[in-house]
Amino acid sequence: SDLLAELEGRTSFEELPVPDAFQGDLRPYQVRGYSWLAFLRRWGLGACLADDMGLGKTIQTLALIQRDRQMGMKQPVLIICPTSVVSNWQKEAARFTPQLPVMVHHGIGRMKGENFRKMAMDQAMVISSYALLHRDFETLREIPWAGVVLDEAQNIKNPETKQARAARGFQPDYRIVLTGTPVENHIGDLWSIMEFLNPRILG
């Protein structure tokens, strides 16, 4: 009853304070977005943060990860994004959550096997790309991820692609997608995103 009332907007969900170690100020709508992510995470529901480009989806997600770490979460979070924004995630994390260790899993010299597992488990975030989501799936799936975050989630709009199927193969504690365009062509795009977030909930 409480969950449905909050989901439907009949009662408001709790807006959370920004984590102490977060280096920056969140605008009111960003506080609401970050709190929304935490609210759905608490209920075990995957969250689609569908703000327009430039409104700070990355920093809202970083605030959630910082809060989880301050509350004792030790497992790393896997960030999957287009290759072109891997460095942006790295820079934003260094700016807003400088206390959190971050590893980039990309490039020819990237780690695999037991070396990757040991290094990844010491991180708060591991940043990788859609290009490696399917190619390195067997390596990535070995980590007990706290969460998997898909940035620019329209990259899995086709549920039959190898990367969309790989994304659905993870078993993290929570799932988040970030996208300014959850529907690009038809409603099936949104179904594919929701099937990753909340498997089988839409049939």
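Up top is the structure these notes are about.
The paragraphs below set out a description of the structure included in this document. (Residues numbered from 1 in each chain as written. Predicted model: local features only at pLDDT ≥ 70, side-chain atom pairs only at ≥ 80, totals over all residues. Heavy atoms only, no water.)

1. Details of the layout of surface pockets
Keep this limit in mind: Note on definitions: the grid is 1 Å and covers protein atoms alone; a cavity is a set of points where a 1.4 Å probe fits but cannot get out; a pocket is an open set with protein on both sides within 12 Å along at least five of seven lines; lining residues have an atom within 4 Å of a point. Grid points are joined across faces, edges and corners, and a volume is the space filled by probe spheres set on the points. Numbering of helices and strands runs from the N terminus; a helix is a DSSP stretch of H or I covering at least four residues, while a strand is a stretch of E covering at least two.
The calculated volume of the largest pocket comes to roughly 300 Å³. Every element with two or more residues in the lining of the largest pocket is listed here: α3 (57-70) and α4 (86-96). By residue number, the principal contributor to the lining of the largest pocket is α3, which donates three residues. Taken as a whole, the second largest pocket spans an internal volume of roughly 170 Å³. Around the second largest pocket sit L7, W36, L40, L45, G46, A47, C48, M194, L197, N198 and I201, which together line it.

2. Some remarks on helix α2 (residues 28-42)
Just so we agree on the cut-off: Helix span is expected to be 1.5 Å times the residue number reduced by one. Exposure is judged per residue with a 1.4 Å probe applied to protein chains only, and the accessible area is read against the type maximum: over 50% gives exposed, under 20% gives buried, and values in between give partly exposed. Residue contacts are counted whenever heavy atoms from the two residues lie within 4.5 Å of one another.
For α2, with 15 residues, the first-to-last C-alpha span of 21 Å sits near the 21 Å given by 1.5 Å per residue. Burial in α2 covers these residues: Q30, V31, G33, Y34, S35, L37, A38, F39 and L40. Taken together, the buried residues of α2 touch α1 (2-7), β1 (47-49), α3 and β6 (174-178). At the C-terminal side of α2, G44 shows a positive phi close to 75 degrees.

3. So, the nonpolar core
What counts here: Throughout, nonpolar core names a set of buried Ala, Val, Leu, Ile, Met, Phe, Trp, Tyr and Cys residues whose side chains join them through atoms within 4.5 Å.
Ranked by internal contacts, the top residues of the largest apolar core, which has 35 residues, are I79 and I176. Those elements that provide at least two residues to this core are α2, β1, α3, β2 (77-81), α4, β4 (125-129) and β6. Here this core gets six residues from one element, more than from any other, and that element is α2. The residues contacting I176, other than those within four sequence positions of it, are L37, A47, L64, V148, V149, L150, F196 and L197.

4. As for the sheet that holds β1
Short version of the rule: Any two strands between which DSSP finds at least two bridges are classified as paired. Working convention: axes come from line fits to C-alpha atoms, limited for helices to the stretch in contact. Angles between N-to-C directions cover 0 to 180 degrees.
Read from one edge of the open sheet, six strands run β1-β6-β5-β2-β4-β3, paired in parallel fashion. This sheet does not close on itself; its edge strands, each paired only once, are β1 and β3 (102-104). The mean inter-strand angle of the sheet, taken between neighbouring strand axes irrespective of direction, is 20 degrees. Looking at chain direction, β2 and β4 are connected through five bridges and run parallel. The partner of L78 across the bridge, within β4, is V126.

5. Things to note about helix α9 (residues 187-197)
The set of residues buried in α9 consists of D189, S192, I193, E195, F196 and L197. Looking at the buried residues of α9, the elements they touch are β1, β5 (147-151), α8 (162-168) and β6.

6. Here's the deal with a nonpolar patch on the surface
Inclusion rule: Note on patches: the residues involved have over 30% relative accessible area and no salt bridge, like charges join within 9 Å, and the nonpolar side chains Val, Leu, Ile, Met, Phe, Trp and Tyr join within 5 Å. Computed by Shrake-Rupley with a 1.4 Å probe, the accessible areas treat only the displayed protein chains as cover when residues are assessed. By definition here, a salt bridge exists when the distance from a side-chain nitrogen of Lys or Arg to a carboxyl oxygen of Asp or Glu is within 4 Å.
A contiguous nonpolar patch, built from W191, I201 and L202 and spanning about 300 Å² of accessible area, is present on the exposed surface. Along the chain, L202 turns up in the segment after α9. Here L202 falls in the exposed class, since its relative accessible area comes to 52%.

7. Thoughts on the environment of E6
Assignment of secondary structure puts E6 in helix α1. Given the relative accessible area of 14%, E6 is considered buried. Remark: the alpha-carbon pair of E6 and F39, spanning 33 residues in sequence, is separated by 9.3 Å.

8. Some details on the side chain of E195
Put simply, the rule reads: Positive charges come from Lys and Arg, negative ones from Asp and Glu, while His and the chain ends are left out of the count. N or O atoms closer than or at 3.5 Å make up a polar contact, with two conditions inside protein: a donor-capable atom paired with an acceptor-capable one, and, for residues adjacent in sequence, both atoms drawn from side chains.
Inspection of the secondary structure puts E195 in helix α9. Although E195 lies buried, it forms no salt bridge, and the closest oppositely charged side chain, R168, sits 5.2 Å away as judged by the N-O distance. A polar contact of 3.1 Å, which involves the side chain of E195, links it to the backbone nitrogen of R200. In this structure E195 touches R168, R200 and G203, once residues within four positions along its chain are discounted.

9. Some remarks on the pattern of salt bridges
Under the defined criterion, the tally for this structure stands at six salt bridges. R32 is paired through a salt bridge with E15; the nearest N and O atoms lie 3.7 Å apart. One end of the pair, R32, is in helix α2; the other, E15, is in the loop between α1 and α2, with 17 residues separating them in the sequence. The exposure class assigned to R32 is partly exposed, which follows from its relative accessible area of 40%. A salt bridge links R41 to D68, with the shortest nitrogen-to-oxygen separation between them at 3.0 Å. Remark: D68 occurs in helix α3 and R41 occurs in helix α2; sequence separation between them is 27 residues. Within the structure, one salt-bridge network assembled from shared partners comprises R110, K112 and D136.

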